[in-house]
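Working through the structure, step by step
Chain by chain, the residues run as shown.
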Amino acid sequence: MTKITVTVDGTIYTDDVEPRMLLVHYLREVVGKTGTPIGCDTSNCGACTVLMEGVSVKSCSVLAVQADGTDVTTIEGLAGSELHPLQRAFHEEHALQCGYCTPGMIIAAADLLRDNPHPTEQQIRQGLEGNLCRCTGYSNIVRAVQRAADAESVGTASVTTGAGVTS
Ligand code: FES
Ligand code: FES
């Protein structure tokens, strides 16, 4: 077992984990962040995407020990006291059906908008190409990201929650 300390959604967690444990399993089974789903076993779908040090990563392709000392934001930590502009835009544009891809889509879109606050449709499609959706045909997802990009607050929305310490 290896001891790791990871900040997840603003809370510090210190745990002993197997060196082979994947970050997504750590988040779901140890930390309890079940808002991050597992959609495949081939690192293809992007459903498990989280921000690690502010950069989107597929948490099924990262070992928990690699997250030691980092700051991780899941879909559950994206909202502050109210929905993140991307969460609101996905709701308003009906950008989900089953919702399985949605946490990863929103996290990937948050990373995209941080780098490029006003992307073109083509840039949105390219930015989200690592995230698969079986239901929507993507059009409403692209519209939702455009809508969030137009929202004045998107660049300043909180991506963390209050800090605490657990073990
Ligand atoms: Fe991680 Fe599919 S569960 S990419
Ligand atoms: Fe079902 Fe995207 S809404 S996979």
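Residue positions are given per chain, counted from 1 along the sequence in the order it is written. Each chain takes a letter, starting from A, and each ligand takes a number, starting from 1, following the order in which they are written. It should be noted that, the model being predicted, local features are given only for residues of pLDDT at least 70 and side-chain atom pairs only at 80 or more, the latter also being counted only at that level, while totals for whole chains, interfaces and linings use all residues. For side-chain calculations, the full set of non-hydrogen atoms in the structure is used, while hydrogens and water are omitted.

The subject of this paragraph is the domain arrangement of the protein. When the parts of a complex come together, some accessible area is lost, and that lost area is often taken as the interface size. Annotation of the protein at the domain level lists domain 1 (2–77) and domain 2 (85–150). Note on contacts: a residue pair qualifies if any of its non-hydrogen atoms lie within 4.5 Å across the two residues. Listed as interface residues are 18 residues of domain 1 and, on the opposing side, 13 residues of domain 2. Summed over both partners, the accessible area lost on bringing two parts together, with a 1.4 Å probe, is the buried area. In total, domain 1 and domain 2 occlude about 1200 Å² of area from one another, counting both sides; carbon and sulfur atoms represent 57% of this. A pairing counts as a salt bridge when a side-chain nitrogen of Lys or Arg comes within 4 Å of a carboxyl oxygen of Asp or Glu. Linking domain 1 with domain 2 are 0 salt bridges. Any pair of nitrogen or oxygen atoms within 3.5 Å is treated as a polar contact; in protein, a donor-acceptor pairing is required on top of that, and neighbouring residues in sequence qualify only through side-chain atoms on both sides. The interface formed by domain 1 and domain 2 includes 7 residue pairs in polar contact (both at pLDDT 80 or more). Residue ranges for the domains trace back to a domain assignment, done automatically or taken from a database.

We now examine helix 1 (residues 23–31). Using a 1.4 Å probe on the protein chains alone, a residue whose accessible area is under 20% of its type maximum counts as buried, one over 50% counts as exposed, and one in between counts as partly exposed. Numbering goes from the N terminus for both helices and strands, where a helix is a DSSP run of H or I of at least four residues and a strand is a run of E of at least two. For helix 1, the complete set of buried residues consists of Leu-23, Val-24, Tyr-26, Leu-27 and Val-31. The buried residues of helix 1 all sit within an arc of 165° when viewed along its axis, so they share a single face. Summarising the contacts, the buried residues of helix 1 are in contact with strand 1 (2–8), strand 2 (11–17), strand 3 (49–52) and strand 5 (71–73). Note that the arc is computed from the directions linking the helix axis to the C-beta atoms.

Note that soluble globular proteins tend to have their nonpolar side chains buried in a common cluster. Joining through side-chain atoms within 4.5 Å is the link that ties buried Ala, Val, Leu, Ile, Met, Phe, Trp, Tyr and Cys residues into a set, and such a set is a nonpolar core. Ranked by size, the top nonpolar core spans 25 residues in total, and within it Leu-86, Phe-90, Met-105, Leu-128, Ile-141 and Val-145 carry the most contacts. Listed by contribution, the elements that provide at least two residues to this core are helix 2 (75–78), helix 3 (85–92), helix 4 (102–115) and helix 6 (139–150). Top contributing element to this core by residue count: helix 4, with 8 residues. Those residues in contact with Phe-90 that sit more than four places away from it in its chain are Ala-95, Leu-96, Thr-102, Met-105, Ile-106, Ile-141, Ala-144 and Val-145.

Side-chain direction in a regular strand flips from residue to residue, so the side chains alternate between the two faces of the sheet. Here strand 2 shows one buried face, formed by Thr-11, Tyr-13, Asp-15 and Val-17, and one open face, formed by Ile-12, Thr-14 and Asp-16. Here the rule is simple: two strands pair whenever DSSP picks up at least two bridges between them. In terms of strand pairing, strand 1 meets strand 2 through 7 bridges, oriented antiparallel. In the sheet register, Thr-2 faces strand 2, and the bridge partner there is Val-17. What sits between the antiparallel neighbours strand 1 and strand 2 is a turn of 2 residues, in which Asp-9 has the positive phi angle 50°.

Bringing helix 3 into the picture now. Turning to helix 3, its buried residues are Pro-85, Leu-86, Gln-87, Ala-89 and Phe-90. Elements that come into contact with the buried residues of helix 3 comprise helix 2, helix 4 and helix 6. Of the residues one or two after helix 3, His-94 is the one with positive phi, at around 55°.

Turning our eyes to something else, we now look at the environment of Ala-151. Relative to the helices and strands, Ala-151 is located in the loop between helix 6 and strand 6 (165–166). Taking relative accessible area as the criterion, Ala-151 reaches 22% and is therefore assigned partly exposed. Along the primary structure Ala-151 and Arg-134 are separated by 17 residues, whereas in three dimensions their C-alpha atoms are 27 Å apart.

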